[in-house]
Amino acid sequence: MFVYICCAGGMSSSLFCIRMVTALNEMYPALKVTSAHLDTVMSKETTYRDKYDLILVYGGVDVINPENAFELNQFIDVILIAPQVAYLLPLKQVVLKEYPIIVKLIDKKIFGTMAGVRASSDLLDELVDLDLERSYLSAAMIETKNADKNIELLLTGLDRKGDVAKQLVHSFESMGLRVVQEKYGLENLYQFQPQGDYDIRLLFGYNHMLSIEDMPKVSRRIDGLIYLESPLENPKIDWFQDYQIPLLKLNRQQHYGKPFDFSTIQAFLLTVAQRSEMISETYVAKFEAAPPEKQRHHFLGILSWEV
């Protein structure tokens with residue numbers, strides 16, 4: 001079980017975790033407990049999962065943001081926020097509302113005293129209750145971006161106000177599709193708050209806005225890429241192919257001032273829709289390792305965890 005205990009910068013939460021580990025090891029020798037910084041755990045998740053029953057992870061509360069939500073959900077079971085940043089609790093709960101991660105304040109008495117035996121015993125009781133709550137949420141929630149069947153397309157090299165883009169939007173609308181247009185940005189990609197119902201979300205951007213480091217996050221939201229044909233080879237197109245994201249190449253001269261071929265648009269949207277239906281946010285590209293399936297374990301009949 002991975003429990004992320006966070007404060008403003010990670011200092012007080014690290015001290016708390018170290019003291020809790022010491023106390024828990026003394027009280028329950030059979031329970032394998034450790035603590036580590038979030039960055040360390042993320043880089044060696046499998047090692048920690050295989051070696052320990054309970055991992056108290058510490059770090060700053062700012063890491064809980066839309067861009068990191070998916071990664072946190074891959075291994076964090078519970079997030080406990082320190083009292084000094086209690087005002088951030090509602091914001092962080094909104095960030096993770098689509099995931100079965102429990103996000104709550106850590107009790108002031110537990111965090112404030114940091115007294116070994118008493119605080120660790122209270123913390124253990126709290127984790128038992130939270131683990132049961134998480135189990136319920138995991139069973140009730142469908143972990144996918146496609147629950148509403150909306151499609152998100154990235155358009156690179158197209159001027160949002162240009163003729164080619166206007167013709168493309170007109171083609172979508174002629175099919176009876178409701179279109180939302182926005183400027184691309186990794187933060188906008190995940191923090192989207194639609195004002196009304198829509199079928200297709202178009203995000204306009206340029207190649208310099210893309211980086212190979214961001215592709216895992218981009219691929220979990222973007223269903224298809226539309227780009228302008230260029231005489232220069234664009235290696236970034238290969239990134240999308242690696243993640244099996246459907247592509248539609250446009251020719252500026254061919255489409256300038258002319259309506260799009262409906263059969264081409266429909267074929268592309270069909271491919272995009274099929275990919276969107278088949279995968280969820282837990283889709284892993286060919287060079288990303290899939291997380292192992294979790295198994296439930298029990299200790300003394302009071303603590304249960306998934307590893």
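Residues numbered from 1 in each chain as written. Predicted model: local features only at pLDDT ≥ 70, side-chain atom pairs only at ≥ 80, totals over all residues. Heavy atoms only, no water.

Chemist: Is there a simple way to think about the state of the cysteines in this case?
Modeler: As used in these notes, a disulfide is a covalent bond between sulfur atoms, one from each of two cysteines. Enumeration according to the criterion identifies 0 disulfides in this entry. Cys7 takes part in no disulfide bond, and the closest cysteine sulfur, belonging to Cys6, lies 7.4 Å away. The structure places no disulfide on Cys17, whose sulfur is separated from the nearest cysteine sulfur, that of Cys7, by 8.9 Å. With a relative accessible area of 0%, Cys17 lands in the buried category. (Disulfide = S-S within 2.5 Å. Buried < 20%, exposed > 50% of the residue type's maximum accessible area, 1.4 Å probe, protein only.)

Chemist: What's the story with the sheet that holds strand S7 (residues 179-183) in this structure? I'm lost.
Modeler: Remark on secondary structure: sheet strands pair via backbone hydrogen bonds, oriented parallel or antiparallel. Pairing within the open sheet is parallel, and its 5 strands lie in the order S7-S8-S6-S9-S10. Sheet topology places S7 and strand S10 (247-250) at the edges, where each strand pairs with a single neighbour. Strand-to-strand, the axes of this sheet are offset by a mean angle of 20°, without reference to chain direction. (Pairing = 2+ DSSP bridges. Helix = DSSP H or I, 4+ residues; strand = E, 2+ residues; numbered from the N terminus. Axes fitted to C-alpha atoms, helices over the stretch in contact; angles between N-to-C directions.)

Chemist: Sorry if this is basic, but what is going on with the pairing of strand S1 (residues 2-7) here?
Modeler: Each regular strand shows side chains that alternate between the opposite faces of the sheet. Within S1, 6 of the 6 residues are buried, leaving the element largely enclosed by the surrounding structure. The alternating pattern of S1 places Phe2, Tyr4 and Cys6 on one face and Val3, Ile5 and Cys7 on the opposite face, and all of these are buried. Pairing geometry for S1 and strand S3 (residues 54-60), over 6 bridges, is parallel. If you follow Ile5 over to S3, its bridge partner there is Tyr58. Sheet topology note: the S1/strand S4 (residues 78-81) ladder contains 4 bridges and is parallel. For Cys6, the partnering residue across the bridge sits in S4 and is Ile81.

Chemist: Which parts of the structure should I look at to understand the packing of aromatic side chains?
Modeler: The description of an aromatic ring pair uses the distance of the two centres, along with the angle that the planes make with each other. Across all of its chains, the model carries 3 aromatic pairs by this definition. On the basis of an interplanar angle of 85° and a centroid distance of 5.5 Å, the ring pair of Phe2 and Phe75 is categorised as edge-to-face. Of this pair, Phe2 sits in strand S1 while Phe75 is found in the loop between helix H4 (69-73) and S4, placing the two residues 73 residues apart along the sequence. Pair check on accessibility: Phe2 and Phe75 agree, each one buried. (Phe/Tyr/Trp six-rings, centres within 6.5 Å; stacked < 30°, edge-to-face > 60°.)

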